[in-house]
Amino acid sequence: MKRTILFVFMALAILLAACASPTAAPAPTSAPAQPAATKAVASQPTGEPIKIGIIAAFSGTNAVLGDWMKKGTTLAVEEKNKAGGIQGRQIQVITYDDEADPTKSVNLAQKVATEDKVMAVWATSNSTSALADIPIFAQYKIPQFTNGTNVDITNKGSAYIFRATPAGPSFEDTLIDFLITVKGMKKFAIIADTSAYGKGEGDYQEAALKRNNLQALTREAFGIDDKDFTGQLTKILQTQPEVLLLGSSEVASGLIAKQARQLGFKGQIAGGAAVGTPKFIETAGETIAEGVFFTTPWLHDEANEMSLKFVNAYKARWNETPEFHGANTYDGTKLLLLAMEKANPLTSENVAAELHKISGHKGLQGTFNVTAKGETITGTLVGIIKGGKLTVWTGK
Amino acid sequence: MNIVSIFIQTLVGGIGIGSLYALVALGYSMIYRSMGLVNFAHGSIYMIGTYFGIIWYRGMVMGLQVPYPIAFVMGILLTAILGLILERIFRPLAHLDLMLMLLGTIGLGYVLDNLAVIIWGAEGFAVNSPLPNEPIVIGGVALLPQMLLLITVSALLMVGLNVFLAKSKMGKAMRAAAQDRETASAMGIPVNTTNALVFAIGAGLAAAAGILAAPIVYVNPAMSAAVGLKGFAAFILGGAGSIPGAIVGGLVFGVLEAISAGFISSAYTKGIAFVVMIVVLMIKPAGIVGEVTVDKV
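Residues numbered from 1 in each chain as written. Chains lettered and ligands numbered in written order. Predicted model: local features only at pLDDT ≥ 70, side-chain atom pairs only at ≥ 80, totals over all residues. Heavy atoms only, no water.

*Asks:* Help me understand the overall build of chain B in this model?
*Replies:* On a plain count of helices and strands, chain B comes out with 11 helices and 4 strands. Rg of the C-alpha trace for chain B: 19 Å, near the compact-globule value of 19 Å for 297 residues, within the 12% margin. In terms of principal-axis extent, the alpha carbons of chain B reach across some 60 × 55 × 35 Å. Burial statistics for chain B: of 297 residues in total, 57% are counted as buried. Taking the contacts inside chain B whose residues are at least 6 apart along the sequence as the reference set, 75% of them involve residues at least 24 apart. Accessible surface, chain B as shown: approximately 11700 Å² in total, 73% of it carbon and sulfur. (Helix = DSSP H or I, 4+ residues; strand = E, 2+ residues; numbered from the N terminus. Rg over C-alpha atoms; globule rule 2.2 N^0.38 Å. Buried < 20%, exposed > 50% of the residue type's maximum accessible area, 1.4 Å probe, protein only. Contact = heavy atoms within 4.5 Å. Areas by Shrake-Rupley, 256 points an atom, 1.4 Å probe, with all protein chains shown as cover.)

*Asks:* What is the right way to look at the overall build of chain A in this model?
*Replies:* On a plain count of helices and strands, chain A comes out with 14 helices and 14 strands. Relative to its 396 residues, chain A shows a buried fraction of 58%. For chain A, the accessible area works out to roughly 15300 Å², and carbon and sulfur atoms hold 54% of it.

*Asks:* Explain the environment of A:Ala273 to me, please; I cannot follow it from the model alone.
*Replies:* All names here are of chain A. As for its placement among the helices and strands, Ala-273 is situated in the loop between strand 9 (268-271) and helix 10 (278-284). The exposure class assigned to Ala-273 is buried, which follows from its relative accessible area of 5%. Taking the C-alpha atoms as reference points, Ala-273 and His-325, 52 residues apart in sequence, are found 9.2 Å from one another. Ignoring any residue separated from it by four or fewer positions in sequence, one finds Ala-273 in contact with Phe-171, Tyr-197, Thr-295 and Phe-324.

*Asks:* Whenever I open this one, the pattern of salt bridges confuses me. Can you help?
*Replies:* When charged atoms on two side chains of opposite charge get close, those side chains can pair. All names here are of chain A. Scanning the model with the defined rule gives 21 salt bridges over all chains in all. Lys-71 is paired through a salt bridge with Asp-67; the nearest N and O atoms lie 2.8 Å apart. Taken together, the residues Lys-71 and Asp-67, both in helix 3 (residues 63-82) and 4 residues apart, mark about one turn of the helix. Lys-71 sits in the buried class, given a relative accessible area of 10%. On the basis of relative accessible area, Asp-67 is assigned to the partly exposed category, the value being 24%. Here Asp-177 and Arg-211 are joined by a salt bridge, their closest N and O atoms 3.4 Å apart. With Asp-177 in helix 6 (residues 168-182) and Arg-211 in helix 7 (residues 196-211), the pair connects residues that are 34 residues apart, well separated along the chain. Of the residues examined, Asp-177 reaches a relative accessible area of 24% and is grouped as partly exposed. Salt bridges linked by common partners bring Lys-199, Asp-203, Glu-206 and Arg-219 together as one network. (Salt bridge = Lys/Arg side-chain N within 4 Å of Asp/Glu carboxyl O.)

*Asks:* When you look at the sheet that holds strand 1 (residues 50-56) of chain A in this model, what are you seeing that I'm missing?
*Replies:* Backbone hydrogen bonds hold the strands of a sheet together, and the pairing may be parallel or antiparallel. All names here are of chain A. If you trace the 5 strands from one edge of the open sheet to the other, you get 2-1-3-4-5, paired in parallel fashion. At either margin of the open sheet sits one strand with a lone partner, and together these are strand 2 (91-97) and strand 5 (161-163). Sheet twist, expressed as the mean angle between neighbouring strand axes with direction ignored, is 25 degrees. Bridge analysis of strand 3 (residues 120-123) against strand 4 (residues 144-146) gives 2 bridges, and the strand direction is parallel. Paired with Val-121 across the strands is Gln-144, a residue of strand 4. (Pairing = 2+ DSSP bridges. Axes fitted to C-alpha atoms, helices over the stretch in contact; angles between N-to-C directions.)

*Asks:* I tried to follow the packing of aromatic side chains on my own but got confused; where do I start?
*Replies:* The geometry of an aromatic ring pair is captured by the separation of the ring centres together with the interplanar angle, meaning the angle of the planes. Residues and elements named next belong to chain A. Evaluated as defined, the whole model comprises 23 aromatic pairs over all chains. The interplanar angle of 85 degrees and the centroid separation of 5.4 Å between the aromatic rings of Trp-298 and Phe-310 together place this pair among those described as edge-to-face. Of this pair, Trp-298 sits in the loop between strand 10 (293-296) and helix 12 (305-318) while Phe-310 is found in helix 12, placing the two residues 12 residues apart along the sequence. Across the pair, Phe-310 and Trp-298 agree in class, each one buried. (Phe/Tyr/Trp six-rings, centres within 6.5 Å; stacked < 30°, edge-to-face > 60°.)

*Asks:* It is not clear to me how the interface of chain B and chain A should be interpreted in this structure. Could you clarify?
*Replies:* As a measure of interface size, the accessible area lost when the parts come together is often cited. Contacts between chain B and chain A engage 50 residues on the former and 45 residues on the latter. For the chain B and chain A pair, buried surface summed over both sides reaches about 4000 Å², with 68% attributable to carbon and sulfur atoms. Looking only at chain B, the three residues that lose the most surface to chain A are B:Glu123, B:Tyr218 and B:Pro285, adding up to 14% of its buried area. Seen at the junction of chain B and chain A, the total is 1 salt bridge. One salt bridge connects A:Lys279 with B:Glu123, and the closest N-O pair in it is separated by 2.6 Å. There are 6 residue pairs in polar contact (both at pLDDT 80 or more) connecting chain B and chain A. The set of elements that each furnish at least two residues to the side of chain B that touches chain A consists of helix 1 (3-35), helix 4 (98-120), strand 1 (125-126), helix 9 (223-238), helix 10 (243-264) and helix 11 (269-283) of chain B. Here the side of chain B that touches chain A takes 6 residues from helix 9 of chain B, the largest share from any one element. A class-by-class count of the residues in the side of chain B that touches chain A yields 37 nonpolar, 10 polar and 3 charged. (Buried area = accessible area lost by both parts, 1.4 Å probe. Polar contact = N/O pair within 3.5 Å; in protein donor to acceptor, adjacent residues only side chain to side chain. Nonpolar A, V, L, I, M, F, W, Y, C, P; charged D, E, K, R; others polar.)

*Asks:* Would you mind showing me how to read the sheet that holds strand 9 of chain A here?
*Replies:* Residue and element names in this part refer to chain A. Strand order in the open sheet made by the 7 strands is 7-6-8-9-10-13-14, with mixed pairing throughout. Either end of the sheet is taken by a strand with one partner, and the two such strands are strand 7 (218-222) and strand 14 (389-392). Pairs of neighbouring strands in the sheet enclose a mean axial angle of 25 degrees, with direction left out of account. As paired strands, strand 8 (residues 243-247) and strand 9 are joined by 4 bridges and run parallel to one another.

*Asks:* Even after reading the chapter, I still don't get the environment of A:Thr154, so can you show me in this structure?
*Replies:* Residue and element names in this part refer to chain A. Along the chain, the position of Thr-154 falls in the loop between strand 4 and strand 5. According to the relative accessible area criterion, Thr-154 is buried, its value standing at 3%. The sequence separation of Thr-154 and Gln-232 amounts to 78 residues, and the corresponding C-alpha distance is 32 Å. When residues no more than four places from it in sequence are discounted, the contact partners of Thr-154 are Arg-163, Lys-373, Gly-374 and Glu-375. Here the side chain of Thr-154 touches Arg-163 through a polar contact of 3.4 Å, side chain to side chain.

*Asks:* I'm lost on the confidence of the model for chain A in this one. Help?
*Replies:* Detail in the predicted coordinates should be disregarded across regions flagged by low pLDDT. Considering every residue of chain A, the mean pLDDT works out to 87; 88% of them sit at 70 or more. Segment residues 16-45 of chain A: pLDDT under 50, and 44 contacts once partners within four positions in sequence are set aside and those in other chains are kept. (pLDDT = per-residue confidence, 0-100.)

*Asks:* Before we go on, may I ask you to explain helix 6 (residues 169-179) of chain B in this structure?
*Replies:* Three- or four-residue spacings in an α-helix give side chains the same orientation, since the helix completes a turn every 3.6 residues. Residues and elements named next belong to chain B. Turning to helix 6, its buried residues number three or more, namely Gly-171, Ala-173, Met-174, Ala-177 and Ala-178. For helix 6, the angular spread of the buried residues around the axis is 160 degrees, confining them to a single face. Residues of helix 6 that are exposed and point over 90 degrees away from its buried face: Lys-169 and Gln-179. (Arc of directions from axis to C-beta.)

*Asks:* Any chance you could explain helix 5 (residues 127-139) of chain A here in plain terms?
*Replies:* Residue and element names in this part refer to chain A. The end-to-end C-alpha separation of helix 5 is 19 Å, in line with the 18 Å expected for 13 residues at 1.5 Å each. Taking the largest bend as the criterion, helix 5 deviates by roughly 35 degrees, centred on Asp-133, and proline Pro-135 comes between one and four positions later. The complete set of buried residues in helix 5 reads Ser-127, Ser-129, Ala-130, Leu-131, Asp-133, Ile-134, Ile-136 and Phe-137. Contact partners of the buried residues in helix 5: strand 1, helix 4 (102-116), strand 3, strand 4, strand 5 and helix 7. Immediately beyond the C-terminal end of helix 5, within one or two residues, lies Lys-141, with a positive phi of roughly 55 degrees. (Expected span 1.5 Å × (residues − 1). Bend = angle between axes of the 7 residues up to and from the residue.)

Given below as structure tokens:
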């Protein structure tokens, strides 16, 4: 009997540890002094490539985010390299897989900052990991770009964090104002996961409803690994909402949309950033995704010359149509390259300082004005999924 | 919708996912019973098994697209063969210390997960159901055809397994070998062969679960962890090594998750299910259907 109990506990402990993706690298307790790190970057001889790191999920259900991040960044870097690089030096992109695990992300951030001596870094699309990495890049004075949308990211008070896309509330405010004022909807239900991104989206949705003197009929939550949402959705459907608001990753949002329709939900489905992606359409299936509303900072627009040029270049390089992560990492990398050109001498600390001076820069998502907190742009537009494609909402 | 149909709706979802856990738990249980081995690579076998079936259904092998029932059978057979190979690798582990057994099986699980990433990529994909996506509505309860298929086929497999173990000559030999290795050996039962067969059946059941659930969930290499853990929890909850225990444990675990999501708090479903499991084990350490023989390990 005793053996059984002992066995159960030991086995559970080990299995849980295995599931939590253990990291081999020991957690750093005493980091080298800051000046040493920046000096090392500064003393790189001319001619050696300038390194930009990408820490992102390249495996697991969020793998698609890392892929998009790499594609947008690489495209901008390759264009710059073709044009001669920066101060005669080529730019090199190095990628690291954190599997969307904050613990892994922090260890990689430490490695990137101290061993690889990157000039700047993209870390990460996952708000939870992006938040975890902030103190490390602040300590080593390395500019950190993210397209994670959680508002807390820029409220951490770091001078080295930059968000190359609008923050979460911008997505949800636009979406909910549209649904209420344009579509005349009043009865909302929210389903959001418990990650920093999902919880953030749910919170911004609630805040936007409150601003319109409304309240969600119900708000349900789930863990990021969950695949069956019958319990939550059954609870939601009892409240008979007109709109089901999604606040989770591309895959989970797609599965929820699918299961909600299968449980008989006939109303409107809508969501922010993750819903406005090809992955959402693929997971939900084209029929179910049809007519879903989303908000996004960028959509393929034939009328816009800059957008058209980007889409063609992206298609030629990667053989796929870009979505907004590809666009915002392209935008952010352009900002970074601009700051690198101006930084004198070229150190990561000076690059961050130059980034803060950027204003009125035109990009794919609009006009960039970098704030003291590291926000660069606001404003999103409403889109609708039509015929399996992400399209701009035109009022019909 | 009245409270009764809401409850039934939640229950059906719970039983569906519970059947998935039960089929996975059966693999843990059968292998533990016959070899004394807790196979922590079983979640990874479930994941590989899912791919083994779905690659045919999606036409990922030389563009050859086969109907779902055939892909289902092919997936099970391929995974059973993988089970035979794995049994040979695990055979020396079965006699080792629990800690070494854990490390060995977990390690091999990681190898399988990484192989899946190398072969099929890390990203994963959604799978279309071979059945209509329109639910069948009875008294306000929406029954999804794929979910009904999962429940029905799982039930048939479980009944079939029990009949096989109770009635067939090979089934009886397997039970005898599981009960007393030495005596069975002395009676002329080829214990290594029965063990290999047990492993193959366990792997095949996990593949069946994965292929049936694939149109409901999202197929990717990371799917091994969550179901592997819950299948293991079901195996312990029912009573380690017990066949009916694995089935009951799986269903109880799935229903607990669904009910806590629908009626208590949706954010803490996993926590609630595990708390119940720990409480049950504190009151009845041998599990719900636990057998006394389990303690002799």
